[in-house]
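Analysis of the macromolecular model
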Amino acid sequence: GVVALVASAVEEPLRPFILNPASMKQALVESATRLPQAGGIFEQGQGRINPFGAAQLLRAYVPRASVLPPALDFTDCPYMWPYCEQPLFLGSQPLAVNLTILNGMGVTGFVRDPPRWHPHPTANGKYLDVALRVSDVLWPWAGNLAVHISVAPSAAGWSGTAEGLIELTVESPPSDTNRNPATLVSRLVVPVKVLVVPPPPRAKRLLWDQFHSIAYPSGFFPRDILKQSFDPLDWNGDHPHTNFRSMYTALRAKGFFIDVLTEPFTCFDASAYSALLIVDPEEEYFTAEIAKLERDVRQKGLSLVVLADWYNEDLLGHVKFFDENTRNWWFPETGGANVPALNDLLAPFGIGFLGSVFAGSYTFREQTTEYASGTVLGRFPVGGLLVPAMLSDQHDAIIAKAKTPRQELVPIMGLYAVAPNSQQQQQ
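Values in this document were obtained by computation on a predicted structure and should not be read as measured data.

1. Section: the overall build of the chain
Along the backbone of the chain there are ten helices and 20 strands. C-alpha atoms of the chain, sized along the principal axes, occupy 80 × 55 × 40 Å. Burial analysis of the chain (427 residues in total) assigns 45% to the buried set. Partitioning the contacts of the chain with sequence separation of at least 6, the portion at a separation of at least 24 is 72%.

2. What to know about a nonpolar patch on the surface
On the surface, Val-107, Phe-110, Val-137 and Trp-139 cluster together into a nonpolar patch covering about 380 Å² of accessible area. Assignment of secondary structure puts Trp-139 in the loop between strand S5 (128–134) and strand S6 (142–151).

3. Topic: the state of the cysteines
This structure, assessed with the given rule, holds one disulfide. Here Cys-77 connects covalently by a disulfide to Cys-84, the sulfurs 1.8 Å from one another. Sign of the S-S torsion, about 100° for the bond between Cys-77 and Cys-84, identifies this disulfide as right-handed. On the accessibility criterion, Cys-77 (41% relative accessible area) is partly exposed. Here Cys-84 falls in the buried class, since its relative accessible area comes to 14%.

4. Looking at the sheet that holds strand S9 (residues 205–209)
With respect to topology, four strands assemble into an open sheet ordered S10-S9-S11-S12, the strand pairing being parallel. Since the sheet does not close on itself, it has two edges, and those belong to strand S10 (257–261) and strand S12 (303–307), each with one partner. Going across the sheet, the axis of each strand differs from the next one's by a mean of 25°, ignoring polarity. Two elements, S9 and S10, share five bridges in a ladder whose sense is parallel. The residue of S10 that forms the bridge with Leu-207 is Asp-259. Strand contacts of helix H6 (residues 245–253): S9, S10, strand S11 (275–279) and S12, with the helix running at about 140° to S10, the strand carrying the most contacts.

5. A word on helix H3 (residues 21–31)
Of all eleven residues that make up H3, eight are buried, and the element is covered over most of its length. The complete set of buried residues in H3 reads Ala-22, Ser-23, Met-24, Gln-26, Ala-27, Leu-28, Val-29 and Ser-31. On its buried face, H3 sits against helix H1 (2–7), helix H2 (15–18), helix H5 (51–59), strand S1 (65–68) and strand S3 (95–103). Its side-chain oxygen 2.9 Å from the backbone nitrogen of Ala-22, Asn-20 forms the N-cap of H3.

6. Some points on unusual backbone geometry
For the bond running from Leu-68 to Pro-69, omega is -5°, close enough to zero to count as cis. Position of Pro-69 relative to the elements: it lies in the loop between S1 and strand S2 (72–73). Omega for the peptide link from Cys-77 to Pro-78 comes to 5°, which places this bond in the cis form. Residue Arg-327 is not a glycine yet carries a positive backbone phi of 60°. Here Arg-327 lies in the loop between strand S13 (321–323) and strand S14 (328–330).

7. Observations regarding the packing of aromatic side chains
Taken as a whole, this structure holds twelve aromatic pairs when the rule is applied. Arranged with centres 6.4 Å apart and planes meeting at 85°, the rings of Phe-380 and Tyr-416 form a pair that is edge-to-face. Of this pair, Phe-380 sits in the loop between strand S18 (377–379) and strand S19 (385–393) while Tyr-416 is found in the segment after strand S20 (407–415), placing the two residues 36 residues apart along the sequence. By relative accessible area, which is 29% here, Tyr-416 ends up partly exposed. Aromatic ring contacts, followed pair by pair, group Phe-265, Phe-268, Tyr-273 and Tyr-285 into a single cluster. Lying across the ring of Phe-256, Lys-204 places its NZ or CZ 4.5 Å from the centre.

8. Describing the sheet that holds strand S16 (residues 358–364)
Pairing is antiparallel across the open sheet formed by four strands, whose spatial order is S17-S16-S19-S20. Strand pairing shows two members of the sheet lacking a second neighbour, strand S17 (367–374) and S20, which therefore form its edges. Sheet twist, expressed as the average angle between the axes of neighbouring strands with direction ignored, equals 35°. Two strands pair when backbone bridges link them, and S16 and S17 are joined in this way by six bridges, in the antiparallel orientation. Note that in S17 the partner of Tyr-362 across the bridge is Thr-369.

9. Things to note about empty space enclosed by the protein
By the definition in use, this model includes one cavity of 30 Å³ or more. Approximately 60 Å³ is the volume found for the largest cavity.

10. Thoughts on the layout of surface pockets
Over the atoms, a rolling probe the size of a water molecule traces out where space has been left empty. If you add up the space inside the second largest pocket, you get close to 550 Å³. At the level of elements, S3 and S10 are the ones that each hand at least two residues to the lining of the second largest pocket. Among the elements that line the lining of the second largest pocket, the one with the most residues is S10, at four residues. Classifying every residue of the lining of the second largest pocket by side-chain character gives 16 nonpolar, six polar and three charged.

11. Here we look at the pattern of salt bridges
In the structure shown here, the tally under the stated rule is 13 salt bridges. Across the salt bridge formed by Lys-292 and Asp-296, the nearest N and O atoms sit 2.6 Å from each other. Here Asp-296 and Lys-292 lie together in helix H7 (residues 287–300), a separation of four residues that amounts to about one turn. Overall, the relative accessible area of 10% leaves Lys-292 in the buried class.

12. Side note on the pairing of S9
Taken across its five residues, S9 has five buried, putting it largely inside the fold. Side chains of S9 alternate between two faces, with Arg-205, Leu-207 and Asp-209 and Leu-206 and Trp-208 buried alike. Sheet topology note: the S9/S11 ladder contains three bridges and is parallel. Across the sheet, Trp-208 pairs through a bridge with Leu-277, a residue of S11.

Reading guide: rules and limits
Residues numbered from 1 in each chain as written. Predicted model: local features only at pLDDT ≥ 70, side-chain atom pairs only at ≥ 80, totals over all residues. Heavy atoms only, no water. Helix = DSSP H or I, 4+ residues; strand = E, 2+ residues; numbered from the N terminus. Buried < 20%, exposed > 50% of the residue type's maximum accessible area, 1.4 Å probe, protein only. Contact = heavy atoms within 4.5 Å. Patch = residues over 30% accessible without salt bridge, like charges linked within 9 Å, V, L, I, M, F, W, Y side chains within 5 Å. Areas by Shrake-Rupley, 256 points an atom, 1.4 Å probe, with all protein chains shown as cover. Salt bridge = Lys/Arg side-chain N within 4 Å of Asp/Glu carboxyl O. Disulfide = S-S within 2.5 Å. Pairing = 2+ DSSP bridges. Axes fitted to C-alpha atoms, helices over the stretch in contact; angles between N-to-C directions. Polar contact = N/O pair within 3.5 Å; in protein donor to acceptor, adjacent residues only side chain to side chain. Phe/Tyr/Trp six-rings, centres within 6.5 Å; stacked < 30°, edge-to-face > 60°. Lys NZ or Arg CZ within 6 Å of the ring centre and 35° of its normal. 1 Å grid on protein atoms, 1.4 Å probe; cavity = no way out; pocket = protein on both sides within 12 Å on 5 of 7 lines; lining within 4 Å. Points joined across faces, edges and corners; volume = space filled by probe spheres on them. Nonpolar A, V, L, I, M, F, W, Y, C, P; charged D, E, K, R; others polar.

Shown next as structure tokens:
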């Protein structure tokens, strides 16, 4: 509706030469008003739509290319969350973002010559290493610019903001919709601003395992809380920037720096991190990953934090659902978490989870917390600390449909200090 209204503001004879998907999007996003209280860029985009402003822009429109977003100010919080939440430092996980190149000059376009990074000579741009890559062809009406930002070795002990410019030139060949028979050219400049800090101590660096978390729609992975029946799918992917955002912000408030691992365990240096966080994983583990993680814990002092979800063979069949789009029954690939895979990973430490599913609430250090559809510990080394809780058996509640589900005191949390290169006794 808004697109049709804005298009009608352009004089009819000019519409074939001005109106196209790229020019319309340029008009809508460039005239939009940012909403200060509406969250970040992933929540509000460019802000509130302004039809009158978009119509004015199109009336005076000259075919051109543009970049969305037009600037990368990673110090602009909360709008640029999560990028603005954590500064860069030497050795940190690089910032990687994709920008959209909108080409209002024609359905086809090209970036002439490789895009260039210009460090600001008086604003510490020399402390950033920036790699760029663009689409081979901008078609139809758009392409992408990939930006990869890391801290240069010369900034090892430096703190401050570093700035620079990304420059690229877009060309579009003549077409029937161009009144000018010549090739059209747009020079684009994207300002970049990044906060850089000295490397934190190892004790403040955490690594979040995202590689083994699989989100719908690559498969049917059921919801984490079984009693919630309104949505059977796990849409969020268990990421620190989505459904674990509160956990992420709490850790940042305590001064921790969190990197997100998107590769197997064999691809990271454990000596750089104090702990690896494995939260609600669904994927299997390679044999090499299991062996490396044991070495990292025993030989490099890496701590391991595992948060497992529910898994039960009977309940897997219960959460199947009929998909009206594919006209097929969907069966889950695993439970809320792949507990059998976790047991393989933790076997070298003498730790294992059961296939039971419990729910309820527990109190630890005077704080009461909900325990929603989780597994419990079934194997743990002698000398470890186990925290029990009185919880309800969800198998009884869901499968047996018991009005009063069986309650049991079960171990839900375990703490253990792994001795270097030792074998634990199990209890």
